[in-house]
There are 4 protein chains.
Amino acid sequence: MLFLSDNAAAVHPRVWEAMRVADASDAPYDGDALSQRLDAAFSALFGRDCTALWVATGTAANCLALATMVPPHGGVICHHEAHIEADEGGAPGFFTHGAKLMLLEGEGAKIAPAAIEALAGSLRNDVHQVQPHAVSITQASEYGRVYRSEELAALAAVVKGRGLGLHIDGARFANAVAFLGCDPWQACQGADALSFGCVKNGGMSAEALVFFDPALADVARFRRKRAGHLQSKGRYLAAQILAMLEGGLWLENARHANAAAQHLAVAAGQRLLHPVEANEVFLATTATERTALRDQGFAFYDWGVDGLRLVTAWNSDSAHVEALARAIAAL
Amino acid sequence: MLFLSDNAAAVHPRVWEAMRVADASDAPYDGDALSQRLDAAFSALFGRDCTALWVATGTAANCLALATMVPPHGGVICHHEAHIEADEGGAPGFFTHGAKLMLLEGEGAKIAPAAIEALAGSLRNDVHQVQPHAVSITQASEYGRVYRSEELAALAAVVKGRGLGLHIDGARFANAVAFLGCDPWQACQGADALSFGCVKNGGMSAEALVFFDPALADVARFRRKRAGHLQSKGRYLAAQILAMLEGGLWLENARHANAAAQHLAVAAGQRLLHPVEANEVFLATTATERTALRDQGFAFYDWGVDGLRLVTAWNSDSAHVEALARAIAAL
Amino acid sequence: MLFLSDNAAAVHPRVWEAMRVADASDAPYDGDALSQRLDAAFSALFGRDCTALWVATGTAANCLALATMVPPHGGVICHHEAHIEADEGGAPGFFTHGAKLMLLEGEGAKIAPAAIEALAGSLRNDVHQVQPHAVSITQASEYGRVYRSEELAALAAVVKGRGLGLHIDGARFANAVAFLGCDPWQACQGADALSFGCVKNGGMSAEALVFFDPALADVARFRRKRAGHLQSKGRYLAAQILAMLEGGLWLENARHANAAAQHLAVAAGQRLLHPVEANEVFLATTATERTALRDQGFAFYDWGVDGLRLVTAWNSDSAHVEALARAIAAL
Amino acid sequence: MLFLSDNAAAVHPRVWEAMRVADASDAPYDGDALSQRLDAAFSALFGRDCTALWVATGTAANCLALATMVPPHGGVICHHEAHIEADEGGAPGFFTHGAKLMLLEGEGAKIAPAAIEALAGSLRNDVHQVQPHAVSITQASEYGRVYRSEELAALAAVVKGRGLGLHIDGARFANAVAFLGCDPWQACQGADALSFGCVKNGGMSAEALVFFDPALADVARFRRKRAGHLQSKGRYLAAQILAMLEGGLWLENARHANAAAQHLAVAAGQRLLHPVEANEVFLATTATERTALRDQGFAFYDWGVDGLRLVTAWNSDSAHVEALARAIAAL
């Protein structure tokens, strides 16, 4: 009974099906009919002109986005627990040619506008200090927290007011939108680029890098190729993304994962370390309690010495979730 | 009737099947059982200890290999028509942090040992000139030419004699081995790293980067992650590669493509611009002749103003090949 | 009456004299007789084999050193107020091709061995997290604090125990040695590379990058050229460095600056924010007090809202120092 | 009697004098009065708004200029014997983060507009091939050849017509202007950035990087710092450059060197490998003849197996030049 992560879950049957259909075509790179449909699909989703590129990983999506916004001598303001800082093996430094991640604190791995102001305001505007060129946030955050529409509006106002770009790491953007129940644009408003996650949500190997500024996309195309991310059979990636969007599969899958997390959250009660808003649940537990859970067949990661992390997925088995909920309640 | 390239052909049924089976597992990244089998599979294939990493593209494989061998201030000797120089959008410069490609002439996009000696010998060994640290060749070459075992031995002797690393771009390595009919190691002997192509040979999105020097592989793992190429569902890539190797599918597919190319070569006769040794056929043709072929439904690329290129694939339809052979003969 | 910094003080007459003498020679780059004497001069100074390269700035010295020790995918542990992090405009990211500065706290901008252990111990040894490859400390620190010989020994033991390189930013190394009154090696023991500062100590445009590991120096030579730092008239830089070393000018100058700082420290009494060990004095002051000092003709930088920084130099005028001491005492 | 190069000649007395005067000031970096005068000095020289930054070397000037014009995924068209390609140790790849030098042939190391057109026209405008973003030429060229005003106009028209930037490596720009006897702008018209050489012309350690587009200069300032080229005692560099410009010293020095070269050219007669237009003389000679010259006390570099190179300088001794002229005539 796996609650380790959503990042290795099986591929959704409708994604498989779409990939098989893609066999028929054979224009290389992104010249195929499926890849050519991405811009329109995302423009419809967000109600504004979008340019969308497939890439294989969230790391590639995040870092290509940042590289289009930030010169090598610039900086990116982000949370110190952001995926780009903590889990991407230095990829932002690679793609941006050494730009600096400028780290903020913030509850639940979220960034507050005031923190951006404080950091930017503390810098001398001279060549001795790296100047920020963009802000990157994660929606839903690394602790499964979700920025509300009005929070994003306030944050974007500060970001734009300082002439910075805004990137959103949406590895679990579907979970955020499912939680908010809002129009997708409301969940990423103000972004210049969004890493729209599919892999954690039933996809296999495709994330969509969505640009709301077409000039950035033009540069990103060259950088994608240069980073070895322009697959010759790109149609199989486009197929995955389109399958996600069609019929709202992305939200359907996210809702399932979110509901499972809520179920666990209710069982956890006072143990919750963070409010559960997406598909991650962080619990205070002793080592003994974790052993007890593992002895019952549940797999998950420790979270420090006093906690654990549970992640649900599009395919979390309801019986497993129920069993885990009962086991937690019984601790 | 497509003879444009092998790079967008459909995925082989046995590859599909292996990918579907991979659904069952779910350890992330390369911690899954399939990824863990790659080293042994290639060690068996080459009869020596190998370390193999999956990556999504040949560009990534080539450039990761070079980045492990060449410092940013160093150079890579290669043919001026090598894929890394001509078709990878500057990716070698990205992955190596600016190392220089040092270009040679050579018939059929092959490099002769004497050319390496001449270039290396012309350099002053001082800091004002970039010093070569590796040689990269392509097997089969960009013109479908194949290095014989004894050619490789001679080349490797020169390369090693100068203390350089040897990389082989094997995007069509299967075609080369199928042509040579030799032990696989004979077709890449002396290499420190081999980009073992699968995508052009019936795969979807997986190439194997094979290291014959484990120290290079250790560095490559970090660089793969840093380049956004460590997919979380890597088992689907491992599955493709293993499917290729199992039962000799890689050679079976390559033999089919090679045979189709030979069929066309016979029909082409004196028009051949290069001997046909793999699955590419270059013909002298006039613009009028190319139009005539296209009018009959054949798709292919021009090759300069006086030629065309035909590429066959694992799934080239025998009737199409036969039709094209006849059309060429009738020109 | 300037106490802004030592970084723009006039050039010492004996340095001028040595530079004029260099006019006579004219071998280019570092092939001249003066440049060729650097290795021996530093080997004598430190009592061990050294390789020394001139460069124009401390930033170049620091970052070239780091680039020889740390791969692009690696990290450098340093203090969050280290010059390389706070004042070099992202140069470490440029020279290392994106390596990560991994920041520690520590009193007086010094790093404790335990802090290194804690940081290194908190990392998973996998490709998702940047792994440290070197530690960089500043002697004397950015707050004018000096590592004692035994502190260095303990720190080096931890650094070497983890297989890391050790770099010392010695922009004010002379001030540290003058304070310690020790053998120079005692003040940098365990270092693989030392940025030996001259510019702040009466030089014009030359710092010595001293390697205690000759393999690093071989790489650094190529990287110095590649960074545009191999001056064709390098003999004028070598002349500056040799003038510093000859007759102990470097220590003589540093002692003068240190003594001036001590004079000010005594006057400051309880206002001192840090013990004064080199040539920097940090005082708690109100804005009104700073205005009062400035009204008397003293120039210096604010240090936050409640403090100021004074820096003395090789040429600090005794009368100015005395006047400032009196003014501080009178606040 | 040295004719090896102008790159290590002694510093001109008026440059020394200006540097000594700079001792008096002490604002750091480029905040001093001398550095602040550079923009106006070059604006007056070129009759248009200029922004000028000092740097220590021609390599730094060239590569900073290119880095402001060319993204990492772009290319720079230049001659295959250009200094940036042949003698800068890969520095363009470092400063530009891996941009590609796209090499042309051309008589006397000069580039013809048609060659630019041919190269640019041969590229597919897609992401698989590096796209040029700038052209770099050398005035006077590496063979001492000078672009005429009308040649520059034609070249600039092609460059601008393709939307590319134009950089001029003017390590010996003074020699070119002295030869042309024209308004300085005529000798670099169309350039976006000019590396204005001083070191080879009597300076010590300062080149001026002159931007005719102020937006480029704003970026270059950050990149200069990031490359460790922002010297804290920059006033000594500014002093050198201003001394060069004042009273036309730059042209006076260049005229001296050019005249010496002409003297040698006359003596060389039919042996000349290139027309002599600046301060370099290339002669066809046998090894025996070179030995004969060296036996008479002349120092110079071989140029291949059948030639030699002579370089005159601002301080070439007339008696030495006369002696060499006679020795050449007597061969």
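Caption draft 1: Representation of the overall build of chain A in the model. Of regular secondary structure, chain A possesses 14 helices and 10 strands. For 331 residues, the compact-globule estimate of 2.2 N^0.38 gives 20 Å, and the C-alpha radius of gyration of chain A, at 20 Å, lies within 12% of that figure. If you line up chain A on its principal axes, its C-alpha atoms span 55 × 55 × 35 Å. Every one of the 331 residues in chain A was classed for burial, and the buried ones make up 63%. Considering only contacts in chain A between residues 6 or more positions apart, those separated by 24 or more positions represent 75%. Element-wise, carbon and sulfur atoms account for 54% of the exposed surface of chain A, whose accessible area totals about 10,600 Å². The averaged location of the 35 negative side-chain charges in chain A is 3 Å from the averaged location of its 26 positive side-chain charges.

Caption draft 2: Looking closely at the domain arrangement of chain A. Residues and elements named next belong to chain A. When the domains of chain A are assigned, the result is domain 1 (11-247) and domain 2 (250-329). Here domain 1 and domain 2 have C-alpha centroids that lie 27 Å from each other. Counting residues at the interface gives 28 residues for domain 1, matched by 18 residues for domain 2. In total, about 2,000 Å² of surface goes out of reach between domain 1 and domain 2, with carbon and sulfur atoms giving 53% of it. Three residues stand out in domain 1 for area buried against domain 2, namely Tyr143, Arg172 and Asn175, and they jointly supply 27% of the buried area on that side. On inspection of domain 1 and its partner domain 2, the count reaches four salt bridges. For the pair domain 1 and domain 2, the interface holds 13 residue pairs in polar contact (both at pLDDT 80 or more). Elements that contribute at least two residues to the side of domain 1 that touches domain 2 include exactly helix 1 (13-22), helix 9 (173-180) and helix 11 (235-245).

Caption draft 3: Molecular detail of the interface of chain D and chain C. With 44 residues of chain D at the interface, the matching set in chain C holds 44 residues. For the pair chain D and chain C, the summed buried surface comes to about 3,600 Å²; carbon and sulfur atoms form 57% of the total. The largest contributions to the chain D side of the interface with chain C come from Trp16(D), Phe94(D) and Lys233(D), which together make up 21% of the buried area. The interface formed by chain D and chain C contains zero salt bridges.

Caption draft 4: How the structure looks around the side chain of Glu142(C). Residues and elements named next belong to chain C. Among the structural elements, Glu142 can be located in the loop between strand 4 (131-138) and helix 8 (149-161). Despite its burial, Glu142 remains without a salt bridge, the nearest opposite charge being carried by Arg172 at 7.2 Å. Among the polar contacts listed, one links the side chain of Glu142 to the backbone nitrogen of His83, at a separation of 2.8 Å. Of note is the side chain of Glu142, whose polar atom sits 2.8 Å from the side chain of Thr138.

Caption draft 5: Structural detail: the relation of the copies chain C and chain B. Least-squares fitting of chain C to chain B yields an RMSD of 0.0 Å, with the superposition described by an axial translation of 0.0 Å and a rotation of 180°. When the rotation and shift are considered jointly, the pair of chain copies conforms to a two-fold rotation axis. Taking C-alpha positions as the reference, the residue of chain C nearest the rotation axis is His97(C), at 3.4 Å.

Caption draft 6: View of the side chain of His229(D). Tracing the chain through its elements places His229(D) in the loop between helix 10 (214-226) and helix 11 (235-245). Residue classification places His229(D) among the buried positions, given a relative accessible area of 2%. A polar side-chain atom of His229(D) sits 2.9 Å from the main-chain carbonyl oxygen of Ala227(C). Within the structure, His229(D) has its side chain in polar contact with the side chain of His229(C) (distance 3.2 Å).

Caption draft 7: Broad picture of the environment of Ala260(B). All names here are of chain B. In this structure, Ala260 sits in helix 12 (residues 249-268). On the basis of relative accessibility, which here comes to 8%, the residue Ala260 falls in the buried class. Residues Ala260 and Asp317 lie 57 residues apart in sequence; the distance between their C-alpha atoms is 8.7 Å. The residues contacting Ala260, other than those within four sequence positions of it, are Thr312, Ser316 and Val321.

Caption draft 8: A look at the interface of chain C and chain B. Each side of the interface is counted separately: chain C has 18 residues, and chain B has 18 residues. Across the chain C/chain B interface, buried area totals approximately 1,600 Å², and carbon plus sulfur atoms make up 71% of it. At the junction of chain C with chain B, the criterion picks out zero salt bridges. At the boundary of chain C with chain B, the tally comes to six residue pairs in polar contact (both at pLDDT 80 or more). In terms of residues, the side of chain C that touches chain B owes the most to one element, helix 10 (residues 214-226) of chain C, which gives six residues. In the side of chain C that touches chain B, the residues fall into seven nonpolar, six polar and five charged.

Caption draft 9: Looking closely at the pattern of salt bridges. One pass over the full model with this rule turns up 76 salt bridges over all chains. For the salt bridge of Arg145(A) with Glu277(A), the shortest nitrogen-to-oxygen distance reads 3.3 Å. Note that Arg145(A) is positioned in the loop between strand 4 (131-138) and helix 8 (149-161) and Glu277(A) in the loop between helix 12 (249-268) and strand 8 (280-284), a separation of 132 residues in sequence. Considered together, Arg145(A) and Glu277(A) belong to a single accessibility category, that of buried residues. With a shortest N-O distance of 3.6 Å, Glu252(D) and Arg14(D) are connected by a salt bridge. Placement of the pair is Glu252(D) in helix 12 (residues 249-268) and Arg14(D) in helix 1 (residues 13-22), with a sequence separation of 238 residues. Here Arg14(D) falls in the partly exposed class, since its relative accessible area comes to 31%. Taken together, the shared-partner salt bridges in this structure form one network comprising Asp6(A), Arg172(A), Glu280(A) and Arg309(A).

Caption draft 10: Structural detail: the environment of Ala174(D). Residue and element names in this part refer to chain D. Within the fold, Ala174 resides in helix 9 (residues 173-180). Exposure remark for Ala174: the relative accessible area of 3% places this residue in the buried category. Distance in space between the C-alpha atoms of Ala174 and Asn253 is 8.2 Å, their sequence separation being 79 residues.

Caption draft 11: A look at the sheet that holds strand 8 of chain A. If you trace the three strands from one edge of the open sheet to the other, you get 8-10-9 (chain A), paired in antiparallel fashion. A single partner strand is all that each edge strand has here, and the edge strands are strand 8 and strand 9 (301-302) of chain A.

Caption draft 12: Spatial organisation of the nonpolar core. In terms of nonpolar packing, the biggest core is built from 126 residues, with Phe42(C), Phe46(C), Phe196(C), Phe42(D), Phe46(D) and Phe196(D) touching the most fellow members. Ignoring anything within four residues of it in the chain, the contact list for Phe46(D) reads Phe173(D), Pro184(D), Trp185(D), Cys188(D), Leu194(D), Phe196(D), Val210(D) and Phe212(D). Core analysis: the next-biggest nonpolar cluster, separate from the first, contains 124 residues, Leu155(A), Ala187(A), Val15(B) and Leu166(B) among them.

Caption draft 13: Region of the structure containing the sheet that holds strand 1 (residues 51-55) of chain A. All names here are of chain A. Strand order in this open sheet of seven strands is 1-7-6-5-4-2-3, and the pairing throughout is mixed. Unpaired on one side and paired on the other, strand 1 and strand 3 (100-104) mark the two borders of the sheet. Here the strands of the sheet are splayed against their neighbours by 25° on average, with no regard to which way each runs. The strands touched by helix 4 (residues 58-69) are strand 1, strand 2 (74-79), strand 4, strand 5 (165-170), strand 6 (193-196) and strand 7 (207-211); relative to strand 5, the strand with the most contacts, the crossing angle is about 180°.

Caption draft 14: Structural detail: the relation of the copies chain D and chain C. Once chain D is rotated about the relating axis by 180° and shifted along it by 0.0 Å, it coincides with chain C to within an RMSD of 0.0 Å. A shared interface surface links the copies, since 100% of the contact residues of chain D are contact residues in chain C too.

Caption draft 15: Here's a closer look at the packing of aromatic side chains. Applying the stated criterion across every chain, the model contains 62 aromatic pairs over all chains. Relative to Phe212(A), the ring of Trp185(A) has its centre 4.9 Å away and its plane inclined at 70°; by these criteria the two rings are edge-to-face. With a gap of 27 residues between them, Trp185(A) in the loop between helix 9 and strand 6 and Phe212(A) in the loop between strand 7 and helix 10 (214-226) connect regions that are remote in the sequence. On the basis of relative accessibility, which here comes to 13%, the residue Trp185(A) falls in the buried class. Judged by relative accessible area, which is 14%, Phe212(A) ranks as buried. Note on Phe42(C) and Phe46(C): the rings are 6.4 Å apart at their centroids and 15° apart in plane angle, and the pair reads as stacked. Here Phe42(C) and its partner Phe46(C) are both found in helix 3 (residues 38-46), four residues apart, which amounts to about one turn of the helix.

Caption draft 16: Highlighting the packing of helix 9 of chain D against helix 12 of chain D. Residue and element names in this part refer to chain D. Where helix 9 contacts helix 12, the two axes come as close as 8 Å, and the packing angle between them is 75°. Taken together, the axes of helix 9 and helix 12 are roughly perpendicular relative to one another. Where helix 9 abuts helix 12, its residues Phe173, Ala174, Asn175, Val177, Ala178 and Phe179 lie against Trp250, Leu251, Ala254, Arg255, Ala257 and Asn258. Considering only residue class, the contact of helix 9 with helix 12 consists of nine nonpolar, two polar and one charged.

Caption draft 17: Structural detail: the confidence of the model for chain A. Predicted confidence across chain A gives a mean pLDDT of 97, with 100% of residues reaching 70 or more. Model confidence for the complex: the whole-complex pTM is 0.97, and ipTM, which rates the interface, is 0.97.

Here is what the cut-offs are and how they apply
Residues numbered from 1 in each chain as written. Chains lettered and ligands numbered in written order. Predicted model: local features only at pLDDT ≥ 70, side-chain atom pairs only at ≥ 80, totals over all residues. Heavy atoms only, no water. Helix = DSSP H or I, 4+ residues; strand = E, 2+ residues; numbered from the N terminus. Rg over C-alpha atoms; globule rule 2.2 N^0.38 Å. Buried < 20%, exposed > 50% of the residue type's maximum accessible area, 1.4 Å probe, protein only. Contact = heavy atoms within 4.5 Å. Areas by Shrake-Rupley, 256 points an atom, 1.4 Å probe, with all protein chains shown as cover. Lys, Arg positive; Asp, Glu negative; His and termini not counted. Charge placed at Lys NZ, Arg CZ, Asp CG, Glu CD. Domains from an automatic or database assignment. Buried area = accessible area lost by both parts, 1.4 Å probe. Salt bridge = Lys/Arg side-chain N within 4 Å of Asp/Glu carboxyl O. Polar contact = N/O pair within 3.5 Å; in protein donor to acceptor, adjacent residues only side chain to side chain. Least-squares fit on C-alpha atoms with pLDDT ≥ 70 in both. Nonpolar A, V, L, I, M, F, W, Y, C, P; charged D, E, K, R; others polar. Pairing = 2+ DSSP bridges. Core = buried A, V, L, I, M, F, W, Y, C linked by side-chain atoms within 4.5 Å. Axes fitted to C-alpha atoms, helices over the stretch in contact; angles between N-to-C directions. Phe/Tyr/Trp six-rings, centres within 6.5 Å; stacked < 30°, edge-to-face > 60°. Parallel < 35°, antiparallel > 145°, perpendicular 65-115°, else oblique. pLDDT = per-residue confidence, 0-100.

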